[in-house]
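# Survey of secondary and tertiary structure
So you can see what is in the structure, the chains are spelled out below.
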Amino acid sequence: MRSAAPAVARARSTGRSAARGLAAKNARAVRGQQVPSKVVAREQAAPAQAAVAKAIAEPEAKQEEEIQDLSSRSGGFTTVNPAVRKIVPKDPAGRTVVKVVYVVLEAQYQSSLSAAVRQLNGNNDDVCFQVSGYLLEELRDADNFAEFEKDCADANIFIGSLIFIEELADKVVAAVTPNRDNMDACLIFPSMPAVMRLNKLGTFSMAQLGQSKSAIGEFMKKKRQSGGGFEEAMLKLVRTLPKVLKYLPNDKARDARNFMMSLQYWLGGSSENLENFLLRLSSEYVPALEQTLDTAIIPDPVLFPDVGIWHPMASTMYEDLTDYLKWYDTRTDIRLGRDTPVIGLVLQRSHLVTGDEGHYCSVVMELEARGARVVPIFAGGLDFSGPVKKYFFDPVRKDALVDCVVSLTGFALVGGPARQDHPKAIEALKGLNVPYLVSVPLVFQTTEEWTDSTLGLHPVQVALQVALPELDGGLEPVIFSGRDSKTGKSHSLYDRVEQLATRSIKWADLRRKKKADKKLAITVFSFPPDKGNVGTAAYLNVFGSIYRVLKELQAEGYNVGELPANDEELIESVLNDKEAKFASPDLNIAYKMSVKEYENLCEYSENLHESWGPPPGNLNTNGEELLVYGKQYGNVFIGVQPTFGYEGDPMRLLFSKSASPHHGFAAYYTYLEKVFKADAVLHFGTHGSLEFMPGKQVGMSEGCYPDSLIGNIPNLYYYAANNPSEATIAKRRSYANTISYLTPPAENAGLYKGLKELKELISSYQTLKDTGRGASITDSIIATARQCNLDKDVALPDEDTTGKDIEPEARDKIVGSVYQKLMEIESRLLPCGLHVVGSPPSAEEAVATLVNIASIDRPEAELEGLPSLLAKSLGREIEAIYRSNDAGELEDVQLLQDITMTIRTMVQTFVSKYVDGSGRVGAAAFGALGAMMGMSSSQPWGDSIKGTQFEKADPVMLKKQFDYLGFCLEQVVKDNELGALVEALDGQFVLPGPGGDPIRNPDVLPTGKNIHALDPQAIPTAAALQSAEVVVERLIARQKEENGGVWPESIAVVLWGTDNIKTYGESLAQVMLMVGVRPKPDALGRVNKLELIPLEELGRPRIDVVVNCSGVFRDLFINQMNLLDRAIKLAAEQDGEPLEQNFVRKHAIEQAEELGVSLRQAATRIFSNASGSYSSNVNLAVENSSWNDEAQLQEMYVSRKSFAFNSDTPGAGMEESAEVFTSALKKVDVTFQNLDSSEISLTDVSHYFDSDPTKLVQSVREDGKMPSAYIADTTTANAQVRSLSETMRLDSRTKLLNPKWYEGMLSSGYEGAREIQKRLNNTLGWSATSGQVDNWVYEEANDTFINDPEMAKRLMDTNPNSFRKMVANFLEANGRGYWETSEENIERLRQLYMEAEDRLEGIES
């Protein structure tokens, strides 16, 4: 075996000379030339890159006559024709032609293998090679796959590597299997098991892999079971087995040795290794060459280190860190001081050994040009955690040598594209404790395809190389390299490499800079604008939280200047007065930027002219200068992010794509980066506008506005823990390190006013029903229920019927139904007040959350929920009790209430024994908690059921559940929200963690984690599918019952990103089950297969769907959109099924005829916004009262939400399809959405009504019929399907009209008053889109907030802008016909509006 160094040197000679020249110039710049680093980098790196590109391209130019022309295809993710990889020998001249076909995941082998083949074809007298090569992704294209099958039919040798996408792996198996026996050799290197079974080399085979006890099969199985990395172990086997097999004479040993040696050649990757690989295979296994080629003279593989350090200027690869550092310190081409930042790079070994390294050279050179030292490490396997530990720690100090790590592989740190081990990766990264960035090379697209794509990065690559690294804690998926369409070679994208280098150095500087010198820009939001809304964020007391942050930073040694005495004074200082109108100069002006300065500093300002004209424009300006609003405290600037700018413009709201940011918005971020010179920006709360600015969905280019705006500033972002989907958008589009914060502690809604009286009457009825008073109490219950407007929720007898006229059993049923509705209201969880960052809930406040955690069965943890355990103690099943309760059976309504109250008592008792004097569970208490959990005798939760009907509950299962609750309690009251911020500002690694509902997934806790979503290819899970079956069955059954026994033919469904993360894909599964298709996982657990459910098993017709996906869902789950579209089209093409049993096909046939399109086109059902665009803008129009009539809102919806996804042309992105969209909506009988979390309900956010198509469907249906509208509520273990109007009533009773809720909000003052107004505004939105809000809701809200003089005064004093808006909402509801009320009420509202106007004018004057 020979040394690797000479081969590597030959592969890099041209690229290195260019790199040396750049390094020398860089060294001169660093030594003293006063040239801005950005200019130096631009002027110097570009020639070097050109030289590298030339070196890469020149050899390929010589083979043009051997390569077929590139032909264009459309609609796929890539349009590259595999024919560019086809090499046909020009003149075989009597030589044996060996036909080779290969399929690889990535393109780095293309150039090296092509060079090897050209060398052989030009110099070997006995053999020449015809080669056809395919990138795995290209097999999606039908023409490409047909050509692939044709190539396989007459191939001598087939090679496959890293085939880990099952739907494409299946294609490879389908094409190769029929021809495998006729091939001379079939070599598959690490891939999915089904593909690995194709291996065949003489007597060596893996055909029985996983089905027999072959040595290699057993070896692979053991490695998977032990948790060891199969690929790593395979490499170890490769290194050792040939040495043993070499001395075994039999054919089997020879063939096994040849397989292992072939893998060594392949992993060696250089053209020399691949030449010898092809020669050895041909000489040993191609019959025509057995007597022609002498294998003895074919060199063994040239071996390269499996792990090590590489540098483009070094003559060798280093396996020892000390040796590398000695070489680095003696370099003469560049001089870097010891106090410069050190960036660790993680590289793929395959790119180095194949000579496809130009993109790596550019990153190294750019970093060094900007004054950073680099340690570029590589590994041959898929586990980089070992090299990270080996090479990124100082050999002397034993602490971190590097200040920031940038992975250029794009893959998860452990497992690559195969099986990931995120805990192992996190352990390595937390041990190192520096920022971890994962940049992405283009793999499945060429540079041109990515540049032209509105989607941006290829969806499969998003799943493998963006979503999975996020689970490790990876940040900033900057695209740093492209791929040449002809050669397959990687090349750097200069502006992206520049962005990557500047940002990684800024992250590194956070670790090195003194705290007192660091500058932090805290950014708050104002939405809707102009309404006293500065400091908006979901469930967050923003200024109270900022004040806590400032005090914490002050204690840590940051320069925060002279702070105000409290958060109220902080508000005053930023706004001048807390009710300041946003556009008013009364906001504190921190900086006035002249137009000239703005144009000089903002490189992209001219791009904004098309939408906004020349600067300064009319937003954030005094007419001459651009204004930056905010206030500076020492080195901390608190600034107000400008708004979108088009909220009040109906014409702009109709645009299919959002306009660019306005000049004021650009000036704000320009100020932060270029004038204030922030070391980091902290976006405060969920959420602002930056991440939703126009640009690609994922994989930003220089022309994407989120990328341009954030510039080079590290972005920290406090984001609500329950909103991982939008947090993920912020991570991917604005490069945010999202730090989770807790939503306010949940409490049961309770009962009030007439509802409370009603419960007391029911209690009396249960005691006295068998006496003579039963009938009269029933009359009181019925009358009070009517007064409380429960008559629409419960079937009450007509007003002429008295209790005496009703049979006792029927009376029980009426009372039971009223009681069930009351308990539904009383037990509803609602967040009270607003959260302050760094203030975890007390143990007492956590009780309601723990009760709900304890109510869920968790089979994966072998935990049975407390409701089930208590029910079983009585010999009952909880599901039967739920159903009986829902039906209003009085006895079981009471039993369920008894179960609920007993669980509350058990949890309350459990928690109360382990709190300190302040009402919190402290560190000492956790020790006591642990000791208590180990006890087998009397336990607090056991004591609380002694003497009750539930005392026989299983003590073993109870203890198991309370052990788990003890862990959850600890997580609930822990807090690292401030700690994580300080860690991030100190340049440390912030632990990643899932976002979602802490009740469903307590792993969300404690907060203060770098939020991630989930592996998008892992959903829907089997549990989600099971839950979805229940909801779909109840939804269809209810609609059928209410529609005279007629099946619904089509359901319009809205899909949300956060909901599917929290529920692991329940609503995704619902859509598939409606059309009668079941999703299936592949061998790696990735859900990308479909199974048609036979009609006999389904037991009903296939229901058609029209699916509208939120823009966030589209960004996060485009692979699942592909799956959904395939599922619907699969159902539509079942031509053997009767149309009355397949409404999908029935409607598609009708639409195909109507629109003159194919059946598959007519079956298009998956819609969303255009790529890079979000929402229908109906919410903006409603919030700003900038709409004329409902027809205008519906026009907005169709204009912005009618972009279709087509699985037949997935690379085309979202295509405008308003005609098909409208045609599909005409068939809709039902509109449907899901509620999955108690924290967010229909009126909490505007997104729900923004996506509601109920009145739109009525307007397009030919019969003008209003569709039924339903909401699935899975916020508790007892899943419900309610009508939209029922849900609106429940929501109004538990929040807007509930003293417990609105008093909790008012306790937060200015921001709480705004929250109350927001719920009323969203209620108005539901009236506009659905008409499902009862008149009494407005009437009671008016009585509560307006007709109560004391309450009206409180609101006016707390936030007069929000109060004025509330009054305007009532007047608007009346004016638009949504609320009928007395003229007296309207006159009072008009008077109050005038008073609020006068008050504001007085304040603002």
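Residues numbered from 1 in each chain as written. Predicted model: local features only at pLDDT ≥ 70, side-chain atom pairs only at ≥ 80, totals over all residues. Heavy atoms only, no water.

## Concerning the overall build of the chain
Of the regular secondary structure elements, the chain holds 57 helices and 35 strands. The burial tally for the chain puts 65% of its 1405 residues in the buried class. A fraction of 76% describes how many contacts in the chain between residues 6 or more apart in sequence connect residues 24 or more apart. (Helix = DSSP H or I, 4+ residues; strand = E, 2+ residues; numbered from the N terminus. Buried < 20%, exposed > 50% of the residue type's maximum accessible area, 1.4 Å probe, protein only. Contact = heavy atoms within 4.5 Å.)

## Considerations on the side chain of Asn-1169
Following the sequence through the fold, Asn-1169 ends up in the loop between β30 (1166-1168) and α46 (1178-1183). For Asn-1169, the side chain forms a polar contact with the side chain of Lys-1201, separated by 2.9 Å. (Polar contact = N/O pair within 3.5 Å; in protein donor to acceptor, adjacent residues only side chain to side chain.)

## Here we look at empty space enclosed by the protein
Volume-wise, the second largest cavity comes out at about 680 Å³. Residue lining of the second largest cavity: 32 residues in total, with Ser-827, Leu-896, Thr-900, Thr-1276 and Asn-1278 positioned closest to the centre. When residues of the lining of the second largest cavity are traced back to their parent elements, those giving at least two are α29 (808-826), α30 (847-854), α32 (878-886), α33 (890-912) and β35 (1280-1283). The element that contributes the greatest number of residues to the lining of the second largest cavity is α33, accounting for seven residues. Here the residues of the lining of the second largest cavity sort into 12 nonpolar, 13 polar and seven charged. (1 Å grid on protein atoms, 1.4 Å probe; cavity = no way out; pocket = protein on both sides within 12 Å on 5 of 7 lines; lining within 4 Å. Points joined across faces, edges and corners; volume = space filled by probe spheres on them. Nonpolar A, V, L, I, M, F, W, Y, C, P; charged D, E, K, R; others polar.)

## Things to note about the packing of helix α38 (residues 1022-1042) against helix α40 (residues 1066-1074)
One way to put it is that α38 packs onto α40 with a least axis distance of 8 Å and a crossing angle of 55 degrees. Looking at the two axes, α38 sits oblique to α40. Crossing of α38 over α40 shows right-handed handedness. Seen from α38, the contacting residues are Ala-1024, Leu-1025, Ser-1027, Ala-1028, Glu-1029, Val-1031, Val-1032 and Leu-1035; seen from α40, they are Glu-1066, Ala-1069, Gln-1070, Leu-1073 and Met-1074. When its residues are assigned to classes, the contact of α38 with α40 shows nine nonpolar, two polar and two charged. (Axes fitted to C-alpha atoms, helices over the stretch in contact; angles between N-to-C directions. Parallel < 35°, antiparallel > 145°, perpendicular 65-115°, else oblique. Left-handed = near helix turned anticlockwise from the far one by under 90°.)

## What about helix α55 (residues 1349-1358)?
Of the positions making up α55, those classed as buried are Met-1351, Ala-1352, Leu-1355, Met-1356 and Thr-1358. Capping the start of α55 is the job of one residue whose side-chain oxygen sits 3.1 Å from the backbone nitrogen of Glu-1350: Asp-1348.

## Details of the sheet that holds strand β32 (residues 1215-1216)
Across the sheet, eight strands lie side by side as β32-β31-β30-β29-β26-β33-β34-β35; this open sheet has mixed pairing. With partners counted over all chains shown, the strands left at the sheet margins are β32 and β35, one partner each. Pairing analysis gives two bridges linking β30 to strand β31 (residues 1203-1204), with the strands arranged antiparallel. Looking across to β31, one finds that Ser-1168 is bridged to Phe-1203. (Pairing = 2+ DSSP bridges.)

## Considerations on unusual backbone geometry
Between Pro-615 and the following residue, Pro-616, the backbone shows a cis peptide bond with an omega angle of 10 degrees. Structurally, Pro-616 can be placed in the loop between α22 (609-612) and β17 (625-633). That bond from Leu-1005 to Pro-1006 is cis: its omega, -10 degrees, falls within 30 degrees of zero. Within the fold, Pro-1006 resides in the loop between β24 (992-994) and β25 (1010-1012). Despite not being glycine, Asn-1177 shows a phi value in the positive range, around 70 degrees. For Asn-1177, the location among the structural elements is in the loop between β30 and α46. Overall, the relative accessible area of 2% leaves Asn-1177 in the buried class.

## Concerning the pattern of salt bridges
Tallied over the full model, the rule gives 80 salt bridges. The salt bridge partner of Arg-254 is Glu-284, with a shortest N-O separation of 3.1 Å. Separated by 30 residues along the polypeptide, Arg-254 in helix α9 (residues 251-268) and Glu-284 in helix α10 (residues 271-285) bring together distant segments of the chain. The exposure class assigned to Glu-284 is buried, which follows from its relative accessible area of 15%. Between Glu-1315 and Arg-1319 there is a salt bridge, with its nearest N and O atoms 2.9 Å apart. Linking Glu-1315 with Arg-1319, this pair stays in helix α53 (residues 1310-1329), spanning four residues, or about one helical turn. Summarising the burial analysis for this pair, Glu-1315 and Arg-1319 share the class buried. (Salt bridge = Lys/Arg side-chain N within 4 Å of Asp/Glu carboxyl O.)

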